[in-house]
Amino acid sequence: MGSATLSIDLEAIIANWRALDAVSAGSVETAAVVKANGYGLGAGRVAKALARAGARKFFVAIAEEGARVRQALGPGPEICVFAGHMRGDTDMIYDLMLTPMINSLDQLTRHLEALPTHKFGLQLDSGMSRLGMEPGEWAAVRDIVSEQSPSLIMSHLACADEPDHAMNAQQLAAFCQMTDSFDAPRSLAATGGILLGQDYHFDLTRPGVGLYGCLPFAKAKPVVGLSLPVIQTRALEAGDTVGYGASWTAKKPSRIATVSAGYADGLIRSMGNKAQLFSNGTPCRLVGRVSMDLLTVDISHLDETPKSLDILCPEQGVDQLAEYADTIGYEILTSLGARYTRRYIGAGG
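Residues numbered from 1 in each chain as written. Predicted model: local features only at pLDDT ≥ 70, side-chain atom pairs only at ≥ 80, totals over all residues. Heavy atoms only, no water.

K.L.:
Help me understand helix H6 (residues 105-114) in this model?
P.N.:
Note on helix geometry: an α-helix contains 3.6 residues per turn, so any two residues three or four positions apart are oriented the same way. Every buried residue of H6 is accounted for by Gln107, Leu108, Arg110 and His111. Down the axis of H6, the smallest arc covering the buried residues is 165°, so these residues share one side. Residues of H6 that are exposed and point over 90 degrees away from its buried face: Asp106 and Glu113. Contacts made by the buried residues of H6 are with strand S6 (98-102) and helix H7 (135-148). (Buried < 20%, exposed > 50% of the residue type's maximum accessible area, 1.4 Å probe, protein only. Helix = DSSP H or I, 4+ residues; strand = E, 2+ residues; numbered from the N terminus. Arc of directions from axis to C-beta. Contact = heavy atoms within 4.5 Å.)

This is the structure in structure tokens:
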């Protein structure tokens with residue numbers, strides 16, 4: 001086969017969800033964030049596995065993502081939409097029993113006029129300046145919202161992956177000031193916030209990237225493996241160059257393997273001439289630029305030509321690969337391409 005194989009360990013995702021759930025008190029509900037197609041791993045498959053493990057509330061970015069998760073889960077679990085109630089989403093929100101997280105006065109008006117008895121939550125801006133009502137807006141509509149009994153009041157931390165950052169305490173104080181006397185369940189913590197401690201947990205936590213094996217949850221079980229088939233090998237002499245731009249030159253006779261994957265598959269171009277792949281645990285350097293469909297790898301030191309090389313494996317996780325591309329694990333995960341043959345492990349995979 002010419003396509004690479006992406007292995008997704010559903011049991012590891014469940015184990016990570018349970019571990020993050022255990023950090024909080026028993027009275028705190030642990031939801032699951034499955035936006036961006038389950039961080040690139042398949043929102044439907046991930047959500048079904050977590051629902052069987054006990055998760056009853058899921059978060060997505062937009063209503064269309066919620067529709068796909070609802071199709072996978074069926075009725076019952078709650079699906080919350082971070083983008084809120086956008087124009088044109090009314091029928092989808094109603095028909096699929098989605099819960100919009102209202103972000104603005106316009107969204108609140110739209111929701112109460114179009115779906116006056118439909119469940120909704122509210123997102124407040126506690127200092128990130130991205131989504132949610134600012135304190136002044138919230139003060140203006142607080143009494144109106146109280147009469148509607150929102151299912152959740154939430155905000156989002158900007159610097160939770162830096163435990164000592166002053167913004168964490170500032171946002172916690174701002175969130176408490178806006179909500180302490182408001183009668184509704186509250187949520188502030190995603191993965192990083194969970195790890196900051198119970199002061200940040202409130203009534204519900206929303207783990208995302210930690211479920212998928214990435215920082216800041218350093219104790220997470222690895223979830224993904226990515227094996228790339230070798231298409232061709234060639235022998236180079238000293239002075240021969242490899243790939244676009246001739247950016248790598250052999251200093252001695254070398255053996256180069258060309259493998260099937262490239263930036264069209266989410267292997268970011270900036271990792272060229274820097275990243276490593278592995279053959280049964282032995283590191284092999286990526287040489288030359290990353291092209292659309294192919295990588296070239298120096299296998300001169302291997303005794304035999306491998307059938308495939310691993311770029312995500314026990315020796316190199318998502319966050320380690322991200323360092324070569326000068327990015328974060330989130331981008332690596334959510335960029336994983338559609339051409340991979342996905343193989344699900346465990347949890348009915």
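Structure's up, so let's keep going.
K.L.:
Help me understand the packing of aromatic side chains, please; the structure alone is not making it clear to me.
P.N.:
Think of a pair of aromatic rings as described by two things: how far the centres are apart, and how the planes are tilted against each other in angle. Using the criterion set out here, one finds five aromatic pairs in the structure. Taken together, a centroid distance of 6.4 Å and an interplanar angle of 40° make the contact between tyrosine 39 and tyrosine 330 tilted. Of this pair, tyrosine 39 sits in helix H2 (residues 35-39) while tyrosine 330 is found in helix H11 (residues 329-335), placing the two residues 291 residues apart along the sequence. Judged by relative accessible area, which is 6%, tyrosine 39 ranks as buried. Relative to phenylalanine 82, the ring of phenylalanine 59 has its centre 5.1 Å away and its plane inclined at 20°; by these criteria the two rings are stacked. One end of the pair, phenylalanine 59, is in strand S4 (residues 57-60); the other, phenylalanine 82, is in the loop between strand S5 (78-81) and helix H5 (90-95), and 23 residues separate them in sequence. Neither residue differs from the other here; phenylalanine 59 and phenylalanine 82 are each classed as buried. Taken together, Tyr39, Tyr212 and Tyr330 form an aromatic cluster joined through their ring pairs. For arginine 45, the ring lying beneath its charged end belongs to tyrosine 344, and the centroid distance is 4.2 Å. (Phe/Tyr/Trp six-rings, centres within 6.5 Å; stacked < 30°, edge-to-face > 60°. Lys NZ or Arg CZ within 6 Å of the ring centre and 35° of its normal.)

K.L.:
What's the story with the sheet that holds strand S8 (residues 153-154) in this structure? I'm lost.
P.N.:
Either a parallel or an antiparallel arrangement is found when strands of a sheet pair, and the pairing is made through backbone hydrogen bonds. Spatially, S3-S4-S5-S6-S7-S8-S9 is the arrangement adopted by the seven strands of the open sheet, whose pairing is parallel. Each having just a single partner strand, strand S3 (32-33) and strand S9 (186-187) make up the two edges of the open sheet. Relative to S5, S4 runs parallel, the two sharing four bridges. Its bridge partner being in S5, lysine 57 is matched across the sheet by glutamate 78. (Pairing = 2+ DSSP bridges.)

K.L.:
What should I look at first to understand the environment of leucine 115 in this one?
P.N.:
Position of leucine 115 relative to the elements: it lies in the loop between H6 and strand S7 (121-123). Using a relative accessible area of 9% as the deciding quantity, one classes leucine 115 as buried. In the structure, leucine 115 is positioned 29 residues away from methionine 86 in sequence and 13 Å away in space, judged by C-alpha atoms. For leucine 115, the residues in contact, after removing those within four places along its chain, are His85, Thr90, Ile93, Tyr94 and Arg110.

K.L.:
Mind showing me how you'd approach the packing of helix H1 (residues 10-23) against helix H3 (residues 43-53) here?
P.N.:
Helix packing geometry: the angle between the two helix axes and the distance between the axes. Interhelical geometry of H1 versus H3 gives an angle of 50° and a closest axis separation of 10 Å. Comparing their axes, H3 and H1 come out oblique. Note on packing geometry: the crossing formed by H1 with H3 is right-handed. Facing H1, whose interface residues are Leu10, Ile13, Ile14, Trp17 and Arg18, H3 presents Arg45, Val46, Ala49, Leu50 and Ala53. (Axes fitted to C-alpha atoms, helices over the stretch in contact; angles between N-to-C directions. Parallel < 35°, antiparallel > 145°, perpendicular 65-115°, else oblique. Left-handed = near helix turned anticlockwise from the far one by under 90°.)

K.L.:
Sorry, what's going on with H7 here?
P.N.:
Taking 1.5 Å per residue as the helical rise, H7 with its 14 residues ought to reach 20 Å, and the 19 Å between its terminal C-alpha atoms agrees with that figure. In the structure, H7 departs most strongly from a straight axis at arginine 142, where the bend amounts to approximately 55°. If you check which residues of H7 are buried, you get Trp138, Val141, Arg142 and Val145. On its buried face, H7 sits against H6, S7, S8 and helix H8 (166-179). Serine 149 lies just past H7 and shows a positive phi near 50°. (Expected span 1.5 Å × (residues − 1). Bend = angle between axes of the 7 residues up to and from the residue.)

K.L.:
Quick question: what am I supposed to make of the environment of serine 279 here?
P.N.:
For serine 279, the position within the fold is in strand S15 (residues 276-279). As for serine 279 and alanine 61, which are separated by 218 residues in sequence, their C-alpha atoms are 37 Å apart. If we skip the residues at most four places from it in the chain, serine 279 touches Cys284, Leu302, Pro306 and Leu309.

K.L.:
Quick question: what am I supposed to make of the side chain of aspartate 319 here?
P.N.:
For aspartate 319, the position within the fold is in helix H10 (residues 318-324). No salt bridge is formed by the buried aspartate 319, whose closest oppositely charged neighbour, lysine 35, lies at an N-O distance of 15 Å. Engagement of the side chain of aspartate 319 in a polar contact is seen with the backbone nitrogen of leucine 215, the distance being 3.0 Å. If near-sequence neighbours (up to four positions away) are discounted, aspartate 319 is found in contact with Gly213, Cys214, Leu215 and Gly329. (Lys, Arg positive; Asp, Glu negative; His and termini not counted. Salt bridge = Lys/Arg side-chain N within 4 Å of Asp/Glu carboxyl O. Polar contact = N/O pair within 3.5 Å; in protein donor to acceptor, adjacent residues only side chain to side chain.)

K.L.:
What am I meant to see in the nonpolar core here?
P.N.:
Soluble, globular proteins show a tendency: their nonpolar side chains are buried together. Leu41 and Met271 are the most contacted members of the largest nonpolar core, which has 101 residues in total. Setting aside anything within four residues of it in sequence, one finds methionine 271 in contact with Leu286, Val290, Ile311, Leu321, Tyr324, Ala325 and Ile332. In this structure, Leu236, Val242, Trp248 and Ala250 belong to the second largest nonpolar core, which totals six residues. (Core = buried A, V, L, I, M, F, W, Y, C linked by side-chain atoms within 4.5 Å.)

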